[in-house]
Structures are given as structure tokens and as C-alpha cells.
Amino acid sequence: MASSAAARSAWSREIGDVRSCVNPETAGCDTMADEAKKAPEKKERKAKTPEAKTEAAPAAPVTAPTQKPGEPKKGVGSRGMYHYMGEAWKDLESDAMKHLMWQRLVDWRKEGTFVRVDKPLRLDRARALGYKAKPGFVIVRTKVRRGGLRKHRIKKGRRPKRKGILKITMRKSIQRIAEERASKKHPNLEVLGSYWVGEDGRHKWFEIMMVDPNNPVIKSDPKLNWICSSKQSGRAFRGLTPAGKKGRGLVRTKGMGVEKNRPSLRAHDRQGT
């Protein structure tokens, strides 16, 4: 019994020491009090409150600048006059162009083979080929037959296959023929270039741009006086015009297979044909 009483008293003392150490300010628990002071204080969490959204003021409407009637349209997608002229000539099946071309051909059939005109009909194409509205330039509209060569029928004995009448064409385009004929008609002028303006079932019409190499205005122009050189004489007959260079294979063909085309076929003994 005495031993059990001693055990109870020892147990009660230990419980008392533990209870006294629960409060850090009590004696005998200095270490725990220091640690409690050094521990950082916990910040209280604030409840998030929904913030009121501030609405931005509506932007002022952007007004487009006023455009006066008759002024050209300005902007990224605006085009020049020559662009729309070229687009109109690409679409000849439209109602406006079809009626216009029909009336032109009616009038051109009544005219002669060579007709001198004051201004080019296709101004965009003429300017691209070097035309300038100044003295020394002459525009001639030329009419040329369509189709192959007009071979006469042989009356000697041959079978029809060997007569050689139909499906025989020249190795030069009808446009080059028109340039050569216009150059023969006006021997004092040099052909600068030409372009197509119309055709029907029997004829084709081209406008030939010609330059007078002896005109003082042409001689004084540094961008045009190259045509006054003697090297440019007979340009249409030597294939020096844009249509002639295209027919000689100097425009769209380069590389393997056309080595004999430059400088000319004659320089290679006609081996490139």
C-alpha cells in the first residue's frame, strides 16, 4: 500500500508540472516562452470582396475623311487609270466592250489598209512599249489578212495531198507582217512596237508605233535618242521589235535547248531551227 501511495504522489507531481508549463508565462518554462515570442505572428486572412468593374467610356466613332466628287480614290487598294484600262481590254465579252468593238470593226472595214491616227487606242499598252505624247511619234493602224499563206492552186498532175495549198503558214506572226508592211509604207520612220486592237473573221488590226529618228525632239531626248542610231535601222525587218524578239525565241525561252537562239540563228548557221 505504501508503494502505491508513493506512485500516486509521483504521478500527481508530474501532472502538475505539465499543467504549469501549458502557460508560457509560468516559472520553469522559460524556453517555451522564448520560442513562443520568436514565432512569427500569423496574419489574418481577409475575405475577398468582389470588386466593382469599371466600365470604359465608349470610344468616339472614327469618321472617314470626306472625299470630293471627281477626286481619285485614295487608299491601299486604289489603282491607277492604266490598270483599269488594261482590265477592260482583258474582258472583251462584257456588254459594253462587245458593242464598242462591234461598232469599231464596222467602221474599220470601210477604211484602207494603213490609217494614221492621232492618239493610241490602248494607251496603257502604248505607254508600256515606250510611247510618249510628243512630236516625232506616229501611230498607224494596219490591217492584215488572217490565216495561212494564200497559195495558188496547181493545175499540173498531183494528188491533193501534195499540192501544198492549205495549212501552210509563215514562220513569223501576223503582227510582224503588219510591222514590216507599215515600215515599207513609211520608209522614213522606225517601228518602236505594236499591239493588237481588233480582229474579225477575215482580218486583224494592229496599231504600229513609229518614231521619226530625224526629229530634233527625238534626238534631244536622252531616253529616246537610242533609236536614232544607225544600228536601229530596219528594226521591223531584222526582228528587233518586241514582237520580233518574241518570234525569234528571245523572250520566253532560256536555258537548255535554245543555246543556238542567241545572238541569232544566223550566227549559228541556222542550227537552232
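Higher on the page you've got the structure.
Residues numbered from 1 in each chain as written. Predicted model: local features only at pLDDT ≥ 70, side-chain atom pairs only at ≥ 80, totals over all residues. Heavy atoms only, no water.

Q: Would you mind showing me how to read the overall build of the protein chain here?
A: When helices and strands are tallied, the protein chain shows nine helices and four strands. In sequence order, the protein chain lays out its α and β elements as α-α-α-α-β-α-β-α-β-β-α-α-α. Going through the 273 residues of the protein chain one by one, you find that 26% of them count as buried. Considering only contacts within the protein chain whose residues lie at least 6 apart along the sequence, 57% involve residues at least 24 apart. Carbon and sulfur atoms form 54% of the exposed surface of the protein chain, whose accessible area is close to 21300 Å². (Helix = DSSP H or I, 4+ residues; strand = E, 2+ residues; numbered from the N terminus. Buried < 20%, exposed > 50% of the residue type's maximum accessible area, 1.4 Å probe, protein only. Contact = heavy atoms within 4.5 Å. Areas by Shrake-Rupley, 256 points an atom, 1.4 Å probe, with all protein chains shown as cover.)

Q: Before we go on, may I ask you to explain the environment of Ala133 in this structure?
A: Turning to its location among the elements, Ala133 is positioned in the loop between helix H5 (123–128) and strand E2 (137–145). C-alpha separation for the pair Ala133 and Asp118, spaced 15 residues apart in sequence, amounts to 10.0 Å.

Q: Got a minute to help me understand helix H6 (residues 174–185) in this structure?
A: Each α-helix winds once per 3.6 residues, and so residues spaced three or four apart point in a common direction. Between its first and last C-alpha, H6 extends 17 Å over twelve residues, near the 16 Å set by a 1.5 Å rise per residue. Looking at H6, one finds that the buried residues are Ile174, Arg176, Ile177, Ala178, Glu179, Glu180, Ala182 and Ser183. Considering only its buried residues, H6 is in contact with strand E1 (114–117), E2, strand E3 (190–199), strand E4 (203–211), helix H8 (235–238) and helix H9 (242–247). (Expected span 1.5 Å × (residues − 1).)

Q: Please explain the pairing of E1 as it appears in this structure.
A: It is a general feature of regular strands that their side chains alternate between the two faces of the sheet. A one-sided burial pattern is seen for E1, the buried positions being Val115 and Val117 and the unburied ones Phe114 and Arg116. Both E1 and E2 contribute to a ladder of four bridges, which runs antiparallel. Bridge pairing links Val115 to Arg141 in E2. (Pairing = 2+ DSSP bridges.)

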